[in-house]
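Residue strings, one per chain:
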Amino acid sequence: MDLSQLFRDHLAKVTDSAARTLSETKYDALVLGAGSQMVYYADDMEPPFRSNPHFAGMAPLKGPHHAIVVKPGVKPRLIRWAPKDYWYERAPFAQDFWTSEFDLDEADSADGVMARIGPVGKAVFVGDDETRATAAGFTVNPPDVVKRLDWDRATKTAYEIECLSRASAAGASGHLAAKEAFLKGESELGIHHAFLRGAGASEDLLPYPTIVCLDEKAAILHYHAKRSTGSGRALLLDAGASHLNYGCDITRTSVAPSADAKFENLVKDLDALQLRLCAMTKAGTSYVEIHLAAHREIGLLLIQHGVLKCSIDEAISKRYTSVFFPHGIGHHLGIQVHDIGGHQKAREGGVLLPPAEHPYLRNTRVMEVGHVFTIEPGIYFVQMLLEPHRAGPTSGAFNWDLIDALAPYGGIRVEDNVVVTASGHRNLTREVLAN
């Protein structure tokens with residue numbers, strides 16, 4: 001699919017939204033800074049650069065210090081930072097599918113970029129280069145502007161969805177390669193390398209560091225160490241790829257032929273459960289409803305498999321399901337893996353907190369057409385969460401023999417990326433990765 005027209009329509013939508021924000025907040029122009037390059041403390045080494053997401057959502061140009069100027073009724077300007085430098089490759093500003101939509105300019109220093117902006121009236125700056133922006137006379141990061149930009153970014157355009165779809169295809173290739181490596185007996189480090197080869201990416205191009213968990217390590221939700229030796233009977237792989245700043249976020253749990261059939265059946269049933277949760281996606285429904293449904297479905301599954309020995313009402317009311325499913329059902333997805341604005345109450349701001357008993361839920365908004373988010377139920381055997389129930393009045397609700405037999409497998413997570421559509425949802429992940 002040609003991205004040129006999709007990007008043209010996307011930019012028109014984004015600049016229209018920006019013009020609305022400027023009108024509502026009484027500013028003449030919006031300046032988006034790409035961001036500044038950080039260095040580690042007491043060092044001259046730089047971490048991988050991540051652009052200001054508001055900048056990245058308007059132009060797929062990598063690197064720091066660039067700026068975009070948006071003024072209603074005027075073609076947006078893009079000022080590229082192009083230092084004279086022989087240490088790093090500086091590609092020429094070649095024409096691409098998106099460049100004709102901007103008036104293009106260049107400067108060879110960060111100060112020069114700011115100077116090139118020139119007089120644009122009462123302007124607001126959004127980005128991290130606060131010192132230069134303040135010196136230039138801009139109002140910097142006012143909440144009434146930033147909150148509106150955050151809110152609008154949740155609704156993705158056709159261009160953004162196509163980028164997410166392409167990221168999903170690359171991520172799926174990585175997952176398939178990683179699963180093959182796992183079944184051949186590779187270590188966590190070998191599986192990680194297989195994912196990179198399959199996705200066609202280096203580590204700094206991933207939307208987030210890979211989570212490669214063999215066996216008991218799956219009980220560590222954000223496990224980033226990678227054992228260089230030893231194979232496993234179960235693999236939990238949470239890994240994604242990127243396309244033009246947009247990233248996918250996919251998790252799959254795989255089992256080796258030597259795995260216990262009880263665990264394998266739990267994996268299959270959680271996968272089916274995850275698809276039922278995806279089917280709940282529709283405009284006008286609160287995302288919180290999917291999260292609460294996930295707890296009920298997981299509770300029923302744990303009872304069905306004999307892990308819990310109580311009624312579903314007791315499992316919910318006494319929060320036993322949170323012992324096995326301690327995180328939220330998902331989050332907004334886009335340029336940022338955990339896209340911002342998930343707790344925002346309205347376009348103007350305000351906070352819609354998650355339920356008190358589910359503090360880790362990252363999204364509490366009502367779903368709208370164009371929203372993109374993850375659906376990622378899980379079942380884990382986390383000793384820290386299980387231990388308080390091993391003795392005392394709640395102990396009898398747990399099948400400890402079965403739990404101890406399953407605990408060496410760590411846990412299970414299944415995660416897809418879904419788009420809210422006018423008729424329901426589109427599952428970007430299942431289009432390219434069936435299971």
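Residues numbered from 1 in each chain as written. Predicted model: local features only at pLDDT ≥ 70, side-chain atom pairs only at ≥ 80, totals over all residues. Heavy atoms only, no water.

Before going further, it helps to spend a moment on the nonpolar core. Counting residues in each nonpolar core, the largest one holds 47 residues, and the members touching the most others are Phe 324, Ile 329, Ile 375, Ile 379, Phe 381 and Phe 398. Looking at this core element by element, the count peaks at eight residues for helix H9 (residues 287-304). In this structure, Ile 379 is in contact with Leu 266, Leu 270, Ile 298, Leu 301, Leu 302, Phe 324, Gly 411 and Ile 412, ignoring residues within four places of it in sequence. Val 70, Trp 98, Val 146 and Leu 428 belong to the second largest nonpolar core, which has 37 residues in total. (Core = buried A, V, L, I, M, F, W, Y, C linked by side-chain atoms within 4.5 Å. Buried < 20%, exposed > 50% of the residue type's maximum accessible area, 1.4 Å probe, protein only. Helix = DSSP H or I, 4+ residues; strand = E, 2+ residues; numbered from the N terminus. Contact = heavy atoms within 4.5 Å.)

On to the environment of Phe 381, then. In this structure, Phe 381 sits in the loop between strand E15 (378-380) and helix H12 (383-386). Among residues more than four places away in sequence, those in contact with Phe 381 are Ala 219, Leu 266, Phe 324, Leu 386, Ile 403, Leu 406, Ala 407 and Gly 410.

Right, let's get into the sheet that holds strand E14 (residues 372-375). Strand order in the open sheet formed by three strands is E14-E17-E18, and the pairing between neighbours is antiparallel. Two strands in the sheet have a free side with no partner beyond their single neighbour: E14 and strand E18 (424-427). Across the sheet, the axes of successive neighbouring strands diverge by a mean angle of 40°, strand direction being ignored. Two strands pair when backbone bridges link them, and E14 and strand E17 (residues 416-421) are joined in this way by four bridges, in the antiparallel orientation. (Pairing = 2+ DSSP bridges. Axes fitted to C-alpha atoms, helices over the stretch in contact; angles between N-to-C directions.)

Empty pockets left among the atoms are what a rolling probe the size of a water molecule brings to light. Taken as a whole, the largest pocket encloses approximately 1,600 Å³ of empty space. What lines the largest pocket is a set of 48 residues, and nearest its centre among them are Phe 49, Arg 50, Lys 62, Gly 63 and Leu 205. Where the lining of the largest pocket is concerned, the elements lending two or more residues are helix H2 (53-56), strand E3 (77-81) and strand E9 (242-243). In the lining of the largest pocket, the residues fall into 27 nonpolar, 11 polar and 10 charged. There is about 420 Å³ of room inside the second largest pocket. Residues that form the lining of the second largest pocket fall into these classes: nine nonpolar, seven polar and six charged. (1 Å grid on protein atoms, 1.4 Å probe; cavity = no way out; pocket = protein on both sides within 12 Å on 5 of 7 lines; lining within 4 Å. Points joined across faces, edges and corners; volume = space filled by probe spheres on them. Nonpolar A, V, L, I, M, F, W, Y, C, P; charged D, E, K, R; others polar.)

Just distances and angles here, no functional claims.
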